[in-house]
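Structural overview for review
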Amino acid sequence: MTQVIQVALPVPLLRLFDYDCSTLPARGARVRVPFGKRVMVGICIGAAEQPQPYQRKAVLEVLDEQSLWPEHLWQMLTFAADYYQHPLGDVLQHALPALLRQGEGASYQATTLYQVTNAGAAQELAPLQRAPQQQRLLATLQQRALLARDIRIEEFSASALKALQSKGWVEAVTHVPAADTQWGFKIAAEPLQLNPEQALAVAAIAAATQPRPYLLEGITGSGKTEVYLQAMAQVLREGKQVLMLVPEIGLTPQTLRRFQQRFDVPVVMLHSALTDRERLDAWLDARAGSAAIIIGTRSAIFTPCANLGMILVDEEHDNSLKQQDGFRYHARDLAVVRAQLEQVPVILGSATPSFETLNNALQGRYGYLQLTERAGLAKPAKHVVIDMKNQPLKAGLSKPLISLIEQQLAAGQQVLLFLNRRGYAPALLCHECGWLAQCRRCDAYYTVHQGDKQLHCHHCGATQRLPQQCHDCGSTQLVGRGVGTEQLEQTLTELFPAYPVLRIDRDSTRHKGSLAKYLEDARANKYQILVGTQMLAKGHHFPEVTLVALLDVDAALYSADYRAAERLGQLYTQVAGRAGRASKQGLVVLQTHHPEHELVQDLVNNGYGHFARTALHERQLTQLPPFSYQALFRAEAQHATAAVAALEFIASYFNEIADISVLGPLPALLERRAGRHRFQLLLQFQQRGLRAQVLRHVLPQLEQRAELRKVRWSLDVDPQDF
Ligand code: ADP
Ligand code: ZN
Ligand code: ZN
């Protein structure tokens, strides 16, 4: 008998769609359906309770016999759709690998596996000393066969592979992965002897009778990874899986190597270098339970796991865990929800916890584990604040900083200079009349780039040739105003000609693989001076760096964004954590025009922990998150009045409700971008439950309104950026 079923489709509408179907597919199975003039892949949600009395179209094909998702994950996905008031169809699509979104079968296909031949297995490694790439690859292949994807992720050389094949030591075989692969738990290397704080942390997690979230707050170099490893070991020993979220996949080869050295279990990495097919295979491995450890960036939180035992979120404060467009979810928050649904512990690790997580730990909602000492020999760094007022500057470098750099270099050590502004200069100025080159489509100045001799708008991506003359007065006296990383690099090369300078930013690492190579060169001490944007601030380990300097972070001290202080505290502490990781004394230098600023004083004198508690207290006094719950509507349009009118219309739905404060419409921090005017409306609630209830009630109504059809608008629940 024909059924009427509800289907979630990847369209920007909160509602579901009814279709006729000859059978009732499983909830969570894919169906192919006609939609307008197109055919779409949607997800069956179940039988329609009250089918609409109109002519329905019929399902063309049922693609899956069973749900694609285990029950707990399905619950998390439907929770997320409701919490973020985002269309369920779009949420579910997010949670699928591209091939499944396109309707491919949820099954393995044959792939290539590389393994040693008999000759290769017997081959000694020593004769390959001159070909270290071949040596490393053969050594690994003698331990385990590698899939094509492993070769790429683990950064083995393709030519080394060819060479080994032509020598007859390695062969490529066709391999059909099987979903039921069992892995036995084996420790490949002995764990380190834990220090007392680490031991306490591992024991607390192991001894818990009820799984719960933990904040693992450990200063840089305190050995958080060792705590992860030993906490994981217990989970893996029981045959359960570990899901780990990391902020940036570029960091994972290091992590991956440490995991592989420790555990002899299959690790799946959801790496950006995977093909769509490999991504699907990895997803199937995780869902079947044949992957023991799954590592990925934020979207990995949607990976199904047959037998999940623990979730780790490394650098839980990192902003990349929040998706900033479309389905605006926070992967850390969903990790906590998922862990609760699956009844497993979740460990949120950071040297600089987000205020949300810190507050949860301080209130006792999360277990609070602290590592306050550096593991091994490293000593804490010394802090120096340089007052820049009235200082002559060379490309943003003050005299005292230049002499500190000189001393470190002379002692044979590395220095790392942090400047969060790429390009040569953040503006182009006419020296005669004061004209500044401005992007035509944004409220922003062009950045001067020497690399390609162009002006770049960092907001809309527009570029143009460097002008020779002022557009206002025709003068040729055009000069860069301010300092970017290109200029800093150039000046440092002039100041210290004997020492090679390496610049790491988005421009210098545009080519694939170049970041990994630069980082390796930096670690190998091929460069004494490292210059970079916040790309350099993340968990990279440079053992020879003793001096770290932040050149210009003053803008954050007086920002309109209430999160700016939190970010500055995190950035300062993360960057400072790069200094003196080995046995040498580290030095952290902060240049500022506001040395007396209380934030600066608190950070430098008392450290992040104290700073964060003070700032949290202020948030409490001002009733800002995490002591209130926000929802931000954004609207943009060709004309400012249209965006404002749309938000005023939205505001009218909330103005009458008690216990909501409505702020706006106000212009966004950058009002005009790429030719569109952007405004926002901030709602603040005292209770999370009230927010959910109100949004659930209002959003479906808004989506029906013709008044809102002409502008682009969106909702951001728990917004991070303004
Ligand atoms: P974090 O992730 O907290 O910055 P890591 O886990 O990378 O720190 O540890 C920093 C260094 O200290 C690493 O080289 C690690 O091998 C070492 N280490 C960690 N724990 C111990 C320990 N218990 N004993 C000796 N060395 C340790
Ligand atoms: Zn001019
Ligand atoms: Zn622009």
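Described in the following lines is the structure provided in the data block.

What counts, and at which threshold
Residues numbered from 1 in each chain as written. Chains lettered and ligands numbered in written order. Predicted model: local features only at pLDDT ≥ 70, side-chain atom pairs only at ≥ 80, totals over all residues. Heavy atoms only, no water. Donors = N, O, S within 2.8 Å, 3.2 Å for Na, K, Ca; no water. Helix = DSSP H or I, 4+ residues; strand = E, 2+ residues; numbered from the N terminus. Buried < 20%, exposed > 50% of the residue type's maximum accessible area, 1.4 Å probe, protein only. Tetrahedral: all angles 85-135°; square planar, octahedral: opposite > 155°, others 65-115°. Pairing = 2+ DSSP bridges. Axes fitted to C-alpha atoms, helices over the stretch in contact; angles between N-to-C directions. Contact = heavy atoms within 4.5 Å. Phe/Tyr/Trp six-rings, centres within 6.5 Å; stacked < 30°, edge-to-face > 60°. Salt bridge = Lys/Arg side-chain N within 4 Å of Asp/Glu carboxyl O. Expected span 1.5 Å × (residues − 1). Arc of directions from axis to C-beta.

**Looking at the coordination of the zinc ion (ligand 3)**
- Looking at the zinc ion (ligand 3), the protein donor atoms are Cys-439 (SG), Cys-442 (SG), Cys-457 (SG) and Cys-460 (SG), and they sit 2.2 to 2.4 Å from it.
- Every donor residue of the zinc ion (ligand 3) comes from the same chain, spaced as C-x2-C-x14-C-x2-C. Highlighted residues: Cys-442 in the loop between β20 (427-430) and β21 (447-449) and Cys-457 in the loop between β22 (454-456) and β23 (463-465), separated in sequence by 15 residues. Side by side, Cys-442 and Cys-457 carry an identical accessibility label, which is buried.

**Considering the coordination of the zinc ion (ligand 2)**
- At the metal site, the zinc ion (ligand 2) is ligated by Cys-430 (SG), Cys-433 (SG), Cys-470 (SG) and Cys-473 (SG), and these contacts range over 2.3 to 2.4 Å.
- Note that the zinc ion (ligand 2) binds four donor atoms; their angles at the metal cover 105 to 113 degrees, and the shape is tetrahedral.
- Look at where the donors of the zinc ion (ligand 2) fall in the sequence and you get C-x2-C-x36-C-x2-C.
- By relative accessible area, Cys-470 is classed as buried at 5%.
- Judged by its relative accessible area of 39%, Cys-473 is partly exposed.

**A look at the sheet that holds strand β11 (residues 267-270)**
- Read from one edge to the other, the open sheet built from seven strands follows the order β11-β12-β10-β13-β14-β9-β15, with strand pairing classed as parallel. Sheet topology places β11 and β15 (367-371) at the edges, where each strand pairs with a single neighbour. Taking each pair of neighbouring strands and ignoring which way they run, the sheet shows an average axis angle of 15 degrees.
- Pairing of β11 with strand β12 (residues 293-296), which is carried by four bridges, proceeds in the parallel orientation. Note that in β12 the partner of Leu-270 across the bridge is Gly-296.
- Lying on the sheet, helix α12 (residues 331-342) is in contact with β9 (213-218), β10 (241-245), β13 (308-314) and β14 (346-350); it crosses β13 at an angle near 160 degrees.

**Some words on the packing of aromatic side chains**
- Taken as a whole and assessed by the stated rule, the structure comprises 13 aromatic pairs.
- Note on Tyr-83 and Tyr-84: the rings are 4.9 Å apart at their centroids and 80 degrees apart in plane angle, and the pair reads as edge-to-face.
- Relative accessible area serves as the criterion here: at 4%, Tyr-84 is assigned to the buried category.
- Where Phe-633 meets Phe-654, the ring centres are 5.8 Å apart and the plane angle is 40 degrees; that geometry is what we call tilted. Of this pair, Phe-633 sits in strand β29 (residues 629-637) while Phe-654 sits in the loop between α19 (640-652) and β30 (660-673), and the two are 21 residues apart along the sequence.
- Its relative accessible area of 0% is what places Phe-633 among the buried residues.
- Overall, the relative accessible area of 0% leaves Phe-654 in the buried class.

**Notes on the sheet that holds strand β16 (residues 382-387)**
- Strand order in the open sheet made by the six strands is β16-β28-β27-β19-β26-β25, with parallel pairing throughout. Looking at which strands have only one partner, the edges of the open sheet turn out to be β16 and β25 (501-504). Averaged over neighbouring strand pairs, the angle between their axes works out to 20 degrees when direction is ignored.
- Each of β19 (414-418), β25 and β26 (529-532) is contacted by helix α15 (residues 485-495), which is oriented at about 175 degrees to β25, the strand it contacts most.
- Contacting β19, β25 and β26, helix α16 (residues 514-523) runs over the sheet at an angle of about 145 degrees to β25.

**Re the pattern of salt bridges**
- Under the counting rule described, the total for this entry stands at 35 salt bridges.
- Across the pair Arg-563 and Glu-356 runs a salt bridge, and its minimum N-O distance is 3.2 Å. Remark: Glu-356 occurs in helix α13 (residues 355-362) and Arg-563 occurs in the loop between β27 (545-550) and α17 (564-576); sequence separation between them is 207 residues. Glu-356 matches Arg-563 in its accessibility class, with the two residues each being buried.
- Measuring nitrogen to oxygen at the nearest pair gives 3.8 Å for the salt bridge that ties Glu-596 to Lys-389. A residue pair is termed long-range when its members are at least 10 positions apart, and Glu-596 in the loop between β28 (587-592) and α18 (598-621) and Lys-389 in the loop between β16 and β17 (393-394) qualify at 207 residues.
- Exposure remark for Lys-389: the relative accessible area of 40% places this residue in the partly exposed category.
- Salt bridges here are not isolated pairs; linked through shared partners, they connect Glu-104, Arg-277 and Asp-281.

**Structural notes on helix α8 (residues 196-207)**
- The end-to-end C-alpha separation of α8 is 16 Å, in line with the 16 Å expected for twelve residues at 1.5 Å each.
- By the burial criterion, the buried members of α8 are Gln-198, Ala-201, Val-202 and Ile-205. Buried positions in α8, seen along its axis, are confined to an arc of 90 degrees and lie on one side of it. Across from the buried face of α8, at angles greater than 90 degrees, the exposed residues are Pro-196, Leu-200 and Ala-207.
- In this structure, the buried residues of α8 make contact with β9, α9 (224-237), β13, β14 and β15.

**Description of the pairing of β10**
- Counting buried positions over the five residues of β10 gives five, a clear majority of the element.
- Going residue by residue along β10, you find Gln-241, Leu-243 and Leu-245 tucked away on one face and Val-242 and Met-244 tucked away on the opposite face as well.
- Across five bridges, β10 lies against β13 in parallel orientation. What sits directly across from Leu-243, in β13, is Ile-311.

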